[in-house]
Structure formats: structure tokens, C-alpha cells
Amino acid sequence: MDLATTDKVANALYESGCIKFGSFKIKSGALSPYYIDMARLLSKPKELCTITDVAAQKIRLITDTDTLTKLASIELKGALIVPSIACKVNLPCVIVRKEEKAYGVTGRIAGADVTEGDKILFVDDVISEGLSKIEGIKPLRELGAEVKHILVIVNREQGGKENLEKTGYNVHALAKVSEIVTSLQKNGKIPDDQAETVLDYIKK
């Protein structure tokens, strides 16, 4: 992505409150100087549209060289965003439940049916180590779908992109967290010391 697009993504995440700075306990139990809550996009339609526009642009570039028949995501954060992206690229979307539904229409798949030979792009909010992506993709592959591409809004730069690419996936991110922080610093949204704290944390 070019600098102007990175600035758009950074500004949308900042203005919607998706990216927060301070001290936050993350899933591993460690403390992080920033936190990303992509659900906050739902409170800001303009910023949501910015993110989905950029994501749709990225998907159109992928379809220049690869066929895609559906988009998919796993509940919850990615599932909040993927339908809006699907509208822009005119592709059906699938939501993978974290657990099997035991009543009504059972199973782990909601939305479009997954059929043998589907070529699915998997969408999620962020990538850290990449483990949740494997979990979300597994039910799709079990139904005969091919998943070559993964698209995330933010790469947290914790090795997940590299881990998944070693196993054969193509991982695309709208922006790295270091690019977002550098953009916000450059545009006066966050002070230099705050930016440096986050950039130092990422390097570790």
C-alpha cells in the first residue's frame, strides 16, 4: 500500500477508537502499550467505509491473478467487517463459528454454503501469531474449499504473517502496526514518546 492509503487506514482506526494507547493486558498475559479493538469501527460509519474500501481495493488486486468465489471470517471481530467488504466486491460471505451450533441449522458454518472447489479468501481483523487463522480455515478446508489468501486489517508484526506464509498461505495486510503508529506520529495524532514506546515494543 502507498503512503496515502496507509495514512487513510491509520486515521480511520484512530478516529474510530479502534487503536488505543496505554497499558493493556493481552491474551498471553503480557502488557502491551497499544490495543486494537476493531469492533469500534461499528460506531463510525465513515471510518468503517474507509477500511472496507481499502480492503475491497486489495481484494480486487488479488482477483487480477487469482479466482475467488467467496469471502470468509471467524466470529467475532472479522465477522463484523466481512459482510461490508463482501458488498463492495460482490462476493458471498461465510462466517465460521468458534463452536458447533447445537440447534436449528447446526454446524460451524453460517451464511453462504461452502462447496467442494470453492476458492475462499479468509478475512480477519488482526494477525499476531496466526494460530486463530488456522482454526478458522480448518472447517472450510474440511468441506473441500481451497484457501490460499488471508487478508487482515492490521499486522501486529509478531511473526504470524511469516509463520502462515511458510505453510503456503499468501497473507495480505492493509497496514503494519508500525506503519500506523508512524503515520499517526507524523500527522500529530500521537506524541513522539508514545510512538517510540510502541515502536520499541514491536521491535522486541
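Because the structure is predicted, anything quoted here is derived from the model rather than measured.

Draft legend 1. Spotlight on the nonpolar core. Counting 45 residues, the largest nonpolar core has Leu-13, Met-38, Leu-71 and Val-154 as its most contacted members. Element by element, the count of residues in this core is highest for helix α2 (residues 45-63), at 7 residues. Not counting residues up to four positions away in its chain, the partners in contact with Val-154 are Leu-13, Ile-36, Met-38, Asp-125, Val-126, Ile-127, Ala-175, Val-177 and Ile-180. Membership of the second largest hydrophobic core comes to 20 residues, among which are Val-94, Ile-109, Leu-164 and Val-171.

Draft legend 2. Region of interest: a negative patch on the surface. A grouping of Asp-192, Asp-193, Glu-196 and Asp-200 is seen on the molecular surface, where their side chains present a negatively charged patch. On the secondary structure map, Asp-192 appears in helix α7 (residues 192-203).

Draft legend 3. A look at α2. For α2, which comprises 19 residues, the first-to-last C-alpha distance of 26 Å matches the rise-based estimate of 27 Å (1.5 Å per residue) to within 8%. The set of residues buried in α2 consists of Glu-47, Leu-48, Ile-51, Thr-52, Val-54, Ala-55, Ala-56, Lys-58, Ile-59 and Ile-62. Those residues of α2 that are buried are in contact with α1 (3-15), β3 (70-74), α3 (77-89), β6 (119-127), β7 (146-155) and β8 (170-176).

Draft legend 4. Quick look at the packing of α1 against helix α6 (residues 177-186). Put simply, α1 and α6 touch, their axes get as near as 9 Å, and they point 85° apart. Here α1 is positioned roughly perpendicular relative to α6, judged by the angle of their axes. Contacts between α1 and α6 involve Thr-6, Asp-7, Ala-10, Asn-11, Leu-13 and Tyr-14 from the first element and Glu-179, Ile-180, Ser-183, Leu-184 and Lys-186 from the second. Its residues assigned to classes, the contact of α1 with α6 shows 5 nonpolar, 3 polar and 3 charged.

Draft legend 5. Summary view of the pairing of β6. Within β6, 8 of the 9 residues are buried, which leaves the element mostly enclosed by the surrounding structure. Note that β3 and β6 share 3 bridges and pair parallel. In the sheet register, Lys-70 faces β6, and the bridge partner there is Ile-120. Where β6 lies against β7, 7 bridges are found, and the strand directions are parallel. Of the residues in β7, the one forming a bridge with Ile-127 is Asn-155. Note that the unit made of β6, helix α4 (residues 131-142) and β7 has a crossover that is right-handed.

The rules behind the values
- Residues numbered from 1 in each chain as written.
- Predicted model: local features only at pLDDT ≥ 70, side-chain atom pairs only at ≥ 80, totals over all residues.
- Heavy atoms only, no water.
- Core = buried A, V, L, I, M, F, W, Y, C linked by side-chain atoms within 4.5 Å.
- Buried < 20%, exposed > 50% of the residue type's maximum accessible area, 1.4 Å probe, protein only.
- Helix = DSSP H or I, 4+ residues; strand = E, 2+ residues; numbered from the N terminus.
- Contact = heavy atoms within 4.5 Å.
- Patch = residues over 30% accessible without salt bridge, like charges linked within 9 Å, V, L, I, M, F, W, Y side chains within 5 Å.
- Areas by Shrake-Rupley, 256 points an atom, 1.4 Å probe, with all protein chains shown as cover.
- Salt bridge = Lys/Arg side-chain N within 4 Å of Asp/Glu carboxyl O.
- Lys, Arg positive; Asp, Glu negative; His and termini not counted.
- Charge placed at Lys NZ, Arg CZ, Asp CG, Glu CD.
- Expected span 1.5 Å × (residues − 1).
- Axes fitted to C-alpha atoms, helices over the stretch in contact; angles between N-to-C directions.
- Parallel < 35°, antiparallel > 145°, perpendicular 65-115°, else oblique.
- Nonpolar A, V, L, I, M, F, W, Y, C, P; charged D, E, K, R; others polar.
- Pairing = 2+ DSSP bridges.
- Right-handed = clockwise from strand over helix to strand, strands pointing away.

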